Amino acid sequence: MTGEERKKERRGKSKREQRGVQICSAHLHKACPAIYPSQMMSSEVLTRGWLQQLLFVLLRFTLSSAAPVNLTNGTECTARGPASYILVFTGHWSPQTFPKQYPLFRPPAQWSKLMAVTHNEHYRLWQEGTPASDGMKSFAELGLTVELVKGAKEARKRRAVGSMYRTAGIPSGIGHSSTELLLMPRTPLLSVIVKLIPSPDWFVGVDGLNLCEGGQWKQEVTFDLHPFDAGTDSGFTFSSPNFPTMPLENITMITSQNPNHPANSFYYPRLTELPPLGTIWLKRQVRSPVRQQNRVSNHILPDVPKPHKFSETPLDCEVSMWSSWGLCSGPCSRGGLRHRTRYILLKPANSGTPCPELEEQEECTQHNCLAYK
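The shown structure was predicted, so the numbers you read here are calculated from the model rather than taken from an experiment. (Residues numbered from 1 in each chain as written. Predicted model: local features only at pLDDT ≥ 70, side-chain atom pairs only at ≥ 80, totals over all residues. Heavy atoms only, no water.)

## Comments concerning the pattern of salt bridges
Applying the stated criterion across every chain, the model contains eight salt bridges. We note a salt bridge from lysine 283 to glutamate 220, for which the minimum N-O separation is 3.7 Å. Residue lysine 283 is located in strand S13 (residues 278–284), and its partner glutamate 220 is located in strand S10 (residues 220–225); the two are separated by 63 residues in the primary sequence. Classification of glutamate 220 by relative accessible area gives partly exposed; the value is 44%. Residue glutamate 362 is joined to arginine 338 by a salt bridge in which the shortest nitrogen-to-oxygen separation is 2.4 Å. Of the two residues, glutamate 362 sits in strand S17 (residues 359–363) while arginine 338 sits in strand S15 (residues 337–341), which places them 24 residues apart along the sequence. (Salt bridge = Lys/Arg side-chain N within 4 Å of Asp/Glu carboxyl O. Helix = DSSP H or I, 4+ residues; strand = E, 2+ residues; numbered from the N terminus. Buried < 20%, exposed > 50% of the residue type's maximum accessible area, 1.4 Å probe, protein only.)

Following this line, the structure appears as structure tokens:
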């Protein structure tokens, strides 16, 4: 083959390669690998890039069409700016509404300091149906807030807690304590606890009350309080000695029939529900929120609503079981009598059922007399 023939062959091959590239473009590279193996590597790279772009577009479309996930459980607050509230706790623990085993001395009925925490859905001070934390156990049994404050401070580092507030205790079963609160949109929930003194591990409180609704701060809220058992002490009465519950039980509400035991201090089987043991009243302040607040206060505003007047709770008399029959007081066949007695466990109050007879007698018969020789 002459030099001229070689040049013509090279020119023909070049034209065929150019035509092959055009065929690839027209048929989306399907013919390239089969017709021209020399173009296989570049075609595979182009195809892989095109598939990656297609997958990326499909992924973006899927994510954009998916429904948004609600991570705030409906507690996200869109209100503009913070809100200042006055919080007033009122105790209704009286011998008229709760006459059974009402503590009169050593110590008399009273309330511990109140602890309030503003937070979001990522923090719980306490929760019905779950075990009490170590801090909650310490508070419910002894009225101590050290561990609770420590836990709230740790949660504040995670921006789950806004502020903590405390009031002084109330030295009687009936009375008020109050403080001012500042709530921020990112921490619109309020939790409150107050311990009953004396009691094994009983308290009243509010769990995660949302003060922001529909992007607006609520103006006024009243919340009735009922007793809860922290599940850490097994005492039945106000003055029961410390008897740890092992294993720990969940926090449960105490009702007129739960625990269903006559020895329980809140056992009132004639009532469908217990009267409120206390009340939380919250009022939004018109003035601008005060950022530097007194964290412990007991001032009472002039417009605090008057305490509710609850009807007296009737308390029925409770007596012991009968004792065994005594010996006959005379000859069995000549009108002899024998006796048995019982005693009062709980005196009636507030028009409750009076006590029955405490002594009973019957005539002796031959089969219940001692045989005399």
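## Focus on the environment of tryptophan 202
Structurally, tryptophan 202 is set in strand S7 (residues 202–210). Remark: the alpha-carbon pair of tryptophan 202 and phenylalanine 228, spanning 26 residues in sequence, is separated by 5.5 Å.

## Quick word on helix H5 (residues 146–157)
With twelve residues, H5 ought to run about 16 Å at 1.5 Å a step, and its terminal C-alpha atoms sit 17 Å apart, in line with that. If you check which residues of H5 are buried, you get Leu148, Val149, Ala152 and Ala155. The buried residues of H5 occupy an angular sector of 120 degrees when projected down its axis, which confines them to one face. When the buried face of H5 is taken as reference, the exposed residues oriented beyond 90 degrees from it are Val146 and Lys157. For H5, the secondary structure elements touched by its buried residues are strand S3 (114–119), helix H4 (134–142), strand S4 (161–167) and strand S6 (189–197). Positioned one or two residues after H5, arginine 159 has a phi angle of 65 degrees, which is positive. (Expected span 1.5 Å × (residues − 1). Arc of directions from axis to C-beta. Contact = heavy atoms within 4.5 Å.)

## Concerning the state of the cysteines
Tallied over the full model, the rule gives three disulfides. What pairs with cysteine 77 in a disulfide is cysteine 212, and their sulfur atoms sit 2.1 Å apart. Disulfide cysteine 77-cysteine 212: torsion about the S-S bond near 75 degrees, hence right-handed. In this pair, cysteine 77 is assigned in the loop between helix H3 (40–65) and strand S1 (83–92) and cysteine 212 in strand S8 (residues 212–213), connecting sequence segments 135 residues apart. Under the relative-accessibility criterion, cysteine 212 is labelled buried at 5%. The disulfide that involves cysteine 328 links it to cysteine 364, with 1.9 Å between the sulfurs. Across the S-S bond linking cysteine 328 and cysteine 364, the dihedral sits near -125 degrees, which makes this disulfide left-handed. Separated by 36 residues along the polypeptide, cysteine 328 in the loop between strand S14 (318–319) and S15 and cysteine 364 in the segment after S17 bring together distant segments of the chain. (Disulfide = S-S within 2.5 Å.)

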